[in-house]
Amino acid sequence: MKSASKTVLVSTEVVLPTDEQLDSFIDKFDVENAALIRSCRSAMWKRLPRAIELVYDNYNFLAIGFCTAERTSSCIVSLACGANGVSLSFYNGASLPDPGKILLGSGNQNRFVRLKSAEKLAEPAVESLIQAAIVLANPPLSENGGGYTVIKSISAKQRPRRRSI
């Protein structure tokens, strides 16, 4: 799927290889959401093969960002994964053209689209938003080279990743 991976964590614990670590984060979700996360992530890698994937296993969400550099502010889009589903989050969504009015949220910066399936990522309105976010990326997306994954943080305390019954 990608050409290289690395883990950036300072710890005395044994650290799994990046792909195994990310799989363990996704495995915390119920089967349906885990499958959705994996299919959306795969679709995003196909769409942005030169991106740097930044992973944050935070308190509220597993956030998988597709970025142009190893810092959050360079994020083009991210998958925000929670017990209730997956959203495609646009870091600078408030400044994106949205003629289809599909972006949700009311903050000063971030907007998102809920994803019921990875096929939603290929819809023209969503693809248009992704393309607009790529154009705004600073620094620009690399023209060559393969992307890679960086595990940026893991929160010790997290909300449940499975839906309540």
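Refer to the structure printed above.
Residues numbered from 1 in each chain as written. Predicted model: local features only at pLDDT ≥ 70, side-chain atom pairs only at ≥ 80, totals over all residues. Heavy atoms only, no water.

In this section: the environment of Lys120. As for its placement among the helices and strands, Lys120 is situated in the loop between β6 (111-115) and α3 (124-136). For Lys120, a relative accessible area of 23% gives the class partly exposed. Residues Lys120 and Leu88, spaced 32 residues apart in sequence, show a C-alpha to C-alpha distance of 9.8 Å. Setting aside residues no more than four positions away along its own chain, Lys120 makes contact with Val113, Arg114, Leu115 and Val126. (Helix = DSSP H or I, 4+ residues; strand = E, 2+ residues; numbered from the N terminus. Buried < 20%, exposed > 50% of the residue type's maximum accessible area, 1.4 Å probe, protein only. Contact = heavy atoms within 4.5 Å.)

Within the secondary structure, Thr68 sits in the loop between β3 (62-67) and β4 (75-82). Of the residues examined, Thr68 reaches a relative accessible area of 13% and is grouped as buried. Reaching out from Thr68, the side chain makes a polar contact with the backbone oxygen of Pro139 at a distance of 2.8 Å. When sequence neighbours within four positions are dropped, the list of residues in contact with Thr68 reads Ile52, Ser74, Ile76, Ala137, Asn138, Pro139, Pro140 and Leu141. (Polar contact = N/O pair within 3.5 Å; in protein donor to acceptor, adjacent residues only side chain to side chain.)

Right, let's get into helix α2 (residues 31-47). The end-to-end C-alpha separation of α2 is 24 Å, in line with the 24 Å expected for 17 residues at 1.5 Å each. Listed in full, the buried residues belonging to α2 are Asn33, Ala34, Leu36, Ile37, Cys40, Arg41, Met44 and Trp45. One side of α2 holds all its buried residues, which, seen down the axis, span an arc of 165°. The exposed residues of α2 that point more than 90 degrees off its buried face are Val31, Glu32 and Lys46. (Expected span 1.5 Å × (residues − 1). Arc of directions from axis to C-beta.)

For the rest of this paragraph, the subject is the nonpolar core. In terms of nonpolar packing, the biggest core is built from 38 residues, with Met44, Phe66, Val77, Leu79, Leu88 and Phe90 touching the most fellow members. Of all the elements in the fold, those that place two or more residues in this core are α1 (18-26), α2, β3, β4, β5 (85-90), β6 and α3. When residues no more than four places from it in sequence are discounted, the contact partners of Phe66 are Arg41, Met44, Trp45, Leu48, Ala51, Ile52, Glu53, Cys75, Ile76, Val77 and Leu79. Core analysis: the next-biggest nonpolar cluster, separate from the first, contains seven residues, Ile52, Tyr56, Ala63 and Cys67 among them. (Core = buried A, V, L, I, M, F, W, Y, C linked by side-chain atoms within 4.5 Å.)

This next bit is on the pairing of β5. Burial analysis of β5 places six of its six residues in the buried class, which makes it a mostly covered element. Going residue by residue along β5, you find Gly85, Ser87 and Ser89 tucked away on one face and Val86, Leu88 and Phe90 tucked away on the opposite face as well. Examined bridge by bridge, β4 and β5 share five bridges and lie antiparallel to one another. Considered in β5, the bridge of Cys81 is made with Val86. Between β4 and β5, which pair antiparallel one after the other, the connecting turn spans two residues. Where β5 meets β6, five bridges bridge the pair, whose relative direction is antiparallel. Paired with Ser87 across the bridge in β6 is Arg114. (Pairing = 2+ DSSP bridges.)

For the coordinates displayed, the defined rule picks out one aromatic pair. Aromatic side chains Trp45 and Phe66 sit 5.7 Å apart centroid to centroid with 80° between the ring planes, which places their arrangement in the edge-to-face category. Note that Trp45 is positioned in helix α2 and Phe66 in strand β3, a separation of 21 residues in sequence. Residue Trp45 shares its accessibility class with Phe66, and that shared class is buried. (Phe/Tyr/Trp six-rings, centres within 6.5 Å; stacked < 30°, edge-to-face > 60°.)

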